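Listed below are the residues making up each chain.
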Amino acid sequence: MLKHMIVATAVMVLAGCATPQSQPPVQNAATVCGTDLPFYEGGERATLWIRTSAEFRSSAEGIYRSALQALRQGLADPDWSAEPAQSGDLSGLAPAVVMDIDDTVLDNSEAQVRMALRHTCPADYPVVWDAWVAEAAAPAVPGAAAFIRAARELKDPQGRAVRIFFITNRECGARTGATSACAQKADTLANLRALGLDTPTLEADMLVRRERPEWEGEKLARRQLVAQQYRIVLNVGDDLADFIPDVRGQSLAEREQARCRHHDWWGARWFVIPNPMYGSW
């Protein structure tokens, strides 16, 4: 029943009051995936909330509005950084913002809906996900595009403009029929450009997983690369692992301890977009 609510409500919100297409009957999870739970299991209500609620849109827009205010304040302070390894007078470094992409900048709730309707199993997830990325049609998370445009207009006291770096775990790899060796990166660049977020340096500003051998799921190495030449003033993501390394697979207590060690950074240097659909939690 809940899956049909997701579809019906999503169609109403995103495409007026069009009649939903007929959907396959709901099957038992064990019948579909054997002993494995479907990728979407338990996430139907979360997806419905992201897709339809005024609360989510208000939260995301409010977070991005607060992030922009914090960016202005951070630019004025040469000691300010959102990367723990950076400290002291950083005025010699140009300013930057680090952002995750999936459900931080690009809204993937449509992919979650499709996986629920198709009863996607873990083994099938990479193919379904790659097909979604290839469409390059994800809308922006509320407030994200406005934040990125406004941030790029800001400058530090030395007159250097803010540069946005996108650190994403979308994969660098070939795809049959694709001309790029990093097909998902090419798709994501096209998606951002379609949203009016292009810049001359956009391709260099996107650091995708496995584009270099050392760029695995942990994002620390990529942030450290940015931090060699830029003062990272803000970090924006939707998952604890976007900010703190080595939290994937930790217990809830360990994750809480990691969060609390940076208590003063949340909402000041680090900004989290709500995402109950999936994540390292």
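Residues numbered from 1 in each chain as written. Predicted model: local features only at pLDDT ≥ 70, side-chain atom pairs only at ≥ 80, totals over all residues. Heavy atoms only, no water.

Let us look at the packing of aromatic side chains. Taken as a whole and judged by the stated rule, the model has eight aromatic pairs. Geometrically, the ring pair formed by Y125 and W129 is stacked, given 6.2 Å between the ring centres and 20° between the ring planes. Residue Y125 and its partner W129 are both found in helix 6 (residues 125–135); the two are separated by four residues, about one turn of the helix. A residue is classified by how much of its surface remains accessible, and Y125, at 23% relative accessible area, is partly exposed. Its relative accessible area of 13% is what places W129 among the buried residues. (Phe/Tyr/Trp six-rings, centres within 6.5 Å; stacked < 30°, edge-to-face > 60°. Helix = DSSP H or I, 4+ residues; strand = E, 2+ residues; numbered from the N terminus. Buried < 20%, exposed > 50% of the residue type's maximum accessible area, 1.4 Å probe, protein only.)

Even without being glycine, R210 reaches a positive phi, approximately 65°. Residue position: R210 is located in the loop between strand 3 (206–209) and helix 10 (220–227). A relative accessible area of 39% places R210 in the partly exposed class.

Turning to the confidence of the model for the protein chain, a few remarks are in order. Taken residue by residue, the protein chain gives an average pLDDT of 88. The fraction at 70 or more is 86%. Segment residues 4–30: pLDDT under 50, and 36 contacts once partners within four positions in sequence are set aside and those in other chains are kept. (pLDDT = per-residue confidence, 0-100. Contact = heavy atoms within 4.5 Å.)

Successive residues of a regular strand alternate their side chains across the two faces of the sheet. Of all six residues making up strand 1 (residues 94–99), six are buried, and the element is well covered by its neighbours. Taking every second residue as pointing to the same face, both faces of strand 1 are buried, with A94, A96 and V98 on one and P95, V97 and M99 on the other. Sheet topology places strand 1 next to strand 4 (residues 230–237); six bridges connect them, and they run parallel. Each bridged residue has a counterpart across the sheet, and for P95 the counterpart in strand 4 is R231. (Pairing = 2+ DSSP bridges.)

Our next topic: the sheet that holds strand 5 (residues 270–272). Overall, parallel pairing links the five strands, which are arranged 3-2-1-4-5 in an open sheet. Of all strands in the sheet, those with a lone pairing partner are strand 3 and strand 5, marking the two edges. Each adjacent strand pair in this sheet contributes to an overall mean axis angle of 20°, direction not counted. This element, helix 7 (residues 144–153), spans strand 1, strand 2 (163–171) and strand 4 of the sheet and lies at about 140° to strand 2. In the packing of helix 10 onto the sheet, the strands contacted are strand 1, strand 2, strand 3 and strand 4, and the crossing angle to strand 4 comes to about 145°. (Axes fitted to C-alpha atoms, helices over the stretch in contact; angles between N-to-C directions.)

Within the largest apolar cluster, 46 residues are counted, with the highest numbers of intra-cluster contacts made by Y64, L71, M99, F147 and F166. In terms of residue count, the dominant contributor to this core is helix 4 (residues 54–75) (nine residues). Setting aside its immediate chain neighbours within four residues, L71 contacts V97, A151, L154, V233 and L234. Core analysis: the second largest hydrophobic core is formed by 20 residues, V98, A241, I244 and A258 among them. (Core = buried A, V, L, I, M, F, W, Y, C linked by side-chain atoms within 4.5 Å.)

Summed over all chains, the structure comprises 18 salt bridges. For R170, the salt bridge goes to D102, with nearest N and O atoms at 2.7 Å. Of the two residues, R170 sits in strand 2 while D102 sits in the loop between strand 1 and helix 5 (109–117), which places them 68 residues apart along the sequence. Of the residues examined, D102 reaches a relative accessible area of 11% and is grouped as buried. Across the salt bridge formed by K185 and E211, the nearest N and O atoms sit 2.8 Å from each other. Highlighted residues: K185 in helix 8 (residues 183–194) and E211 in the loop between strand 3 and helix 10, separated in sequence by 26 residues. E211 gets classed as partly exposed once you look at its relative accessible area, which sits at 31%. Connected through salt bridges with shared partners, the residues R51, E110, R114 and E135 form a single ionic network. (Salt bridge = Lys/Arg side-chain N within 4 Å of Asp/Glu carboxyl O.)

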